[in-house]
Amino acid sequence: MAICAATAAAAIATLAVRTRSVLSPAGLYAATSGGEPVSMYNAMKLQRGVPLYQDPRDPPFYPTTLYNAGFYAVYAAATWPWRHDPAAVVPAMRLVSLGLMLVGLAASIVLAIRGWNRRGGMESPAWAGTSMALAGVATGFGPLVGWWALTTRPDIGAAAFAGIGLVVLLGLGGRRPVVAAAIAGACLAAAWSFKQSAVLIAAGMVLAALWQRRFAVAAMLVIPPAVVIAACLTLLGPDYRANVLWATSLSSFSIRNMTHMAAQLGVKGGLPLLASAAVLPFLRRASWLRADERTTLLACWLTTLAGGLVTSCRTGSEANYFFELWVVVGLLVMAGVRLLWDAAGPASAMTSRRWLRPALSALALMAAAWAGMDLLRIAGAGDGRLGRVRLALEPGQAAEVDRAGELAKRTDGLVYCQPALSGLALNPTFPAPIFDDYVYFHRPAAERGLLRGPGLRGLLERHEFPLIVLENRNEEMLAAALAAGYVRQPGWNYLAVLEPPSSATRTPVTAMIRDGSVVGAGSVR
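Everything quoted here is computed from the prediction, not taken from an experiment.

Calculation rules
- Residues numbered from 1 in each chain as written.
- Predicted model: local features only at pLDDT ≥ 70, side-chain atom pairs only at ≥ 80, totals over all residues.
- Heavy atoms only, no water.
- Salt bridge = Lys/Arg side-chain N within 4 Å of Asp/Glu carboxyl O.
- Helix = DSSP H or I, 4+ residues; strand = E, 2+ residues; numbered from the N terminus.
- Buried < 20%, exposed > 50% of the residue type's maximum accessible area, 1.4 Å probe, protein only.
- Core = buried A, V, L, I, M, F, W, Y, C linked by side-chain atoms within 4.5 Å.
- Contact = heavy atoms within 4.5 Å.
- Polar contact = N/O pair within 3.5 Å; in protein donor to acceptor, adjacent residues only side chain to side chain.
- Phe/Tyr/Trp six-rings, centres within 6.5 Å; stacked < 30°, edge-to-face > 60°.
- Lys NZ or Arg CZ within 6 Å of the ring centre and 35° of its normal.
- Pairing = 2+ DSSP bridges.
- Axes fitted to C-alpha atoms, helices over the stretch in contact; angles between N-to-C directions.
- pLDDT = per-residue confidence, 0-100.
- Patch = residues over 30% accessible without salt bridge, like charges linked within 9 Å, V, L, I, M, F, W, Y side chains within 5 Å.
- Areas by Shrake-Rupley, 256 points an atom, 1.4 Å probe, with all protein chains shown as cover.
- Parallel < 35°, antiparallel > 145°, perpendicular 65-115°, else oblique.
- Left-handed = near helix turned anticlockwise from the far one by under 90°.
- Nonpolar A, V, L, I, M, F, W, Y, C, P; charged D, E, K, R; others polar.

Caption draft 1: Molecular detail of the pattern of salt bridges. This structure, assessed with the given rule, holds 14 salt bridges. Here Arg-452 ties to Asp-55 by a salt bridge, and the two come within 3.1 Å at their closest N and O atoms. Placement of the pair is Arg-452 in the loop between α17 (438–447) and α18 (455–461) and Asp-55 in the loop between α2 (36–47) and α3 (69–78), with a sequence separation of 397 residues. Residue classification places Asp-55 among the buried positions, given a relative accessible area of 10%. Between Arg-473 and Glu-471 there is a salt bridge, with the nearest N and O atoms lying 3.4 Å from each other. Through salt bridges with shared partners, a single ionic network connects Asp-55, Arg-57, Asp-58 and Arg-452.

Caption draft 2: How the structure looks around the nonpolar core. Core analysis: the biggest nonpolar cluster contains 124 residues, and Trp-116, Met-205, Leu-221, Trp-301, Leu-325 and Leu-331 have the highest contact counts within it. Broken down by element, the residue count for this core peaks at 13 residues, all from helix α13 (residues 323–344). Not counting residues within four places of it along the chain, the set of residues in contact with Leu-331 comprises Ser-108, Leu-111, Trp-116, Leu-166, Val-167, Leu-170 and Leu-297. Of all hydrophobic cores here, the second largest spans 24 residues; its members include Phe-441, Leu-459, Leu-470 and Ala-480.

Caption draft 3: Spatial organisation of the side chain of Thr-32. Following the sequence through the fold, Thr-32 ends up in the loop between α1 (2–22) and α2. Residue classification places Thr-32 among the buried positions, given a relative accessible area of 11%. Side-chain polar atoms of Thr-32 contact the backbone oxygen of Leu-150, separated by 3.3 Å. Leave out the neighbours within four places in its chain, and Thr-32 touches Val-22, Arg-94, Trp-147, Leu-150, Thr-151 and Leu-391.

Caption draft 4: Summary view of the packing of aromatic side chains. Counting across every chain of the model gives ten aromatic pairs. Pairwise contacts between aromatic rings join Tyr-67, Phe-71, Tyr-72, Tyr-75, Phe-161 and Phe-194 into one cluster. Over the face of the ring belonging to Trp-147 we find Arg-18, whose NZ or CZ atom lies 5.3 Å from the ring centre. Positioned above the aromatic ring of Tyr-321 is the side chain of Lys-195, whose terminal nitrogen or guanidinium carbon lies 5.0 Å from the ring centre.

Caption draft 5: Spatial organisation of the sheet that holds strand β4 (residues 495–499). Spatial ordering of the open sheet is given by β1-β2-β4-β3, a layout of four strands whose pairing is mixed. Of all strands in the sheet, those with a lone pairing partner are β1 (415–418) and β3 (487–488), marking the two edges. In this sheet, strand β2 (residues 467–471) lies alongside β1 in parallel orientation, the contact comprising four bridges. Within β2, the residue paired with Cys-417 across the bridge is Val-469. Across the sheet, helix α16 (residues 397–410) is in contact with β1, β2 and β4; its angle to β4 comes to roughly 20 degrees. In the packing of helix α19 (residues 475–483) onto the sheet, contacts are made with β1, β2, β3 and β4, and the angle to β4 comes to roughly 25 degrees.

Caption draft 6: View of the confidence of the model for the chain. When the pLDDT values of the chain are averaged, the result is 84; 86% of them are 70 or greater. Contacts for the low-pLDDT stretch residues 504–522, under 50 throughout, to residues beyond four places or in other chains number 41 contacts.

Caption draft 7: Representation of the environment of Tyr-438 in the model. Structurally, Tyr-438 is set in helix α17. The buried category is assigned to Tyr-438, whose relative accessible area is 9%. Expressed as a C-alpha distance, the spacing of Tyr-438 and Thr-64, which sit 374 residues apart in the sequence, is 9.5 Å. Setting aside residues no more than four positions away along its own chain, Tyr-438 makes contact with Arg-443, Pro-444, Leu-456, Arg-457, Glu-476 and Met-477.

Caption draft 8: Structural view of the pairing of β4. Most of β4 sits out of view: four of its five residues are buried. Both β3 and β4 contribute to a ladder of two bridges, which runs antiparallel. Looking at the pairing, Val-487 lines up with Glu-499 of β4. Turn length for the β3-β4 hairpin, with the two strands adjacent in sequence and antiparallel, is six residues, and the turn residue Gly-491 shows positive phi of about 90 degrees.

Caption draft 9: Structural context of unusual backbone geometry. With an omega dihedral of 0 degrees, the bond running from Pro-59 to Pro-60 counts as a cis peptide bond. Its location among the elements puts Pro-60 in the loop between α2 and α3. The omega torsion across Phe-430 and Pro-431 is -5 degrees, close enough to zero to call that bond cis. Within the secondary structure, Pro-431 sits in the loop between β1 and α17. For Asn-427, which is not glycine, the phi dihedral falls at a positive 55 degrees. Despite not being glycine, His-463 shows a phi value in the positive range, around 55 degrees.

Caption draft 10: View of a nonpolar patch on the surface. On the surface, a cluster of nonpolar side chains totalling about 220 Å² of accessible area is made up of Leu-172, Val-179 and Ile-183. Tracing the sequence through the fold places Val-179 in helix α7 (residues 177–194). By relative accessible area, which is 37% here, Val-179 ends up partly exposed.

Caption draft 11: Representation of the environment of Thr-64 in the model. As for its position among the elements, Thr-64 is in the loop between α2 and α3. Judged by relative accessible area, Thr-64 falls into the buried class, the value being 3%.

Caption draft 12: Main features of the packing of helix α4 (residues 86–115) against helix α6 (residues 154–172). The interhelical angle for the contact between α4 and α6, taken along N-to-C directions, is 20 degrees, at an axis separation of 9 Å. It follows from the interaxial angle that α4 and α6 lie roughly parallel. Once α4 is placed against α6, the crossing between them reads as left-handed. On α6, the residues touching Ser-97, Leu-100, Met-101, Val-103, Gly-104, Ala-107, Ser-108 and Leu-111 of α4 are Ile-156, Gly-157, Ala-160, Phe-161, Ile-164, Val-167, Leu-170 and Gly-171. Counted by class, the contact of α4 with α6 contains eleven nonpolar, five polar and no charged residues.

Structure (structure tokens):
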């Protein structure tokens, strides 16, 4: 139990530091994951009455809304009271993600404590249940998830709903399997409504049901997601289909990226992943697990691991492709803790006790290293992805963003802003030019000749933005703007502020709106 408590305490402490950081003033100016700003922007479009899905090929905005409508609708509704105040809605959306993760994790822990831990005789069920819960917390809030627990993205919600579906099937499937499968299917549909790639746990559950010839269960798992998918594809129209189908399939895939992500999985999630793999062969010894539970856990572990590795080949992929795997890993880790308690009990066989001491010793060493990494992060040792747990601003950085915001308000015409949260800190009018998906959609779409009009680089070459505000690290956009003749203004330390060489050479961007090429482009605050 001490091992579980130490790792859980370190994970909770790290989460607390991160939560405090996103609620600080720095939270408004810094993104917590790639793609977060455009996700926030699209949810805020719903709050301002701007159409959520528009044709991503149309100038001047080339608007991309790459995820499913359920994600944006939930976040927009949950933060509705703060819709007119970006300084309030930004942290509120991040707390929605944290809340969804807590709900998903709580469901797994309830299954472990009230389900598995109550089956079979035990000497100390309360201590075993506490250890299982602590192990679940340590896994759920460990380094693999990291900042993603506090980012506005669909990944956490999708994994949470898929995990709840798995828990429902495991927990209730022994008594009323068809009813449990129907409820689980509804949860899987909710997961897909957040992110269209959230099908890995669903695949494992269906394959396990088919393997066991539980065809009614398999059918009830498939029907709700199928209905939701068909309804979305039919009712939300061609702009929806353009965004969630072919617009998301343009970015390249590479084995190198998969290798990199596999290494990240090992570094950030090595201990829980190894523990889950070690538990799998011993599931047959768990008399408190039904045969269908063992099969389902094994199938889901395989589909989520294999599926995560395959999808992580995509350019720009990150740890979020392994979140469905992490739900299964968390369940297996808690099952492993129960197996250790069984082995330590007086009724266990001598052969079980032989491997208990070396297993606990190895686990203690790995857990000490795991907790030590979190403590180093809290102490600020290292500034890389493994070490940073605080959103920090340089002295004067926030004031400079605010100054850029005032400049944008005085500028006549649309302003391309990409400081921190893609200009959301500047409270722009909606719709606004947001190109955070440039590497995933805009660039490959331009290379394939799919865009109408000049494309982003063409807009820059024609000097159609009277003002451009970029982060200094946005080297690609900065180079493109400078190559197009934009002039970088002096007096800015943290931002790159650029203006066209002469306002007389500009074609107003608003002309593209007046000619009807953009649907629903009326400006709103």
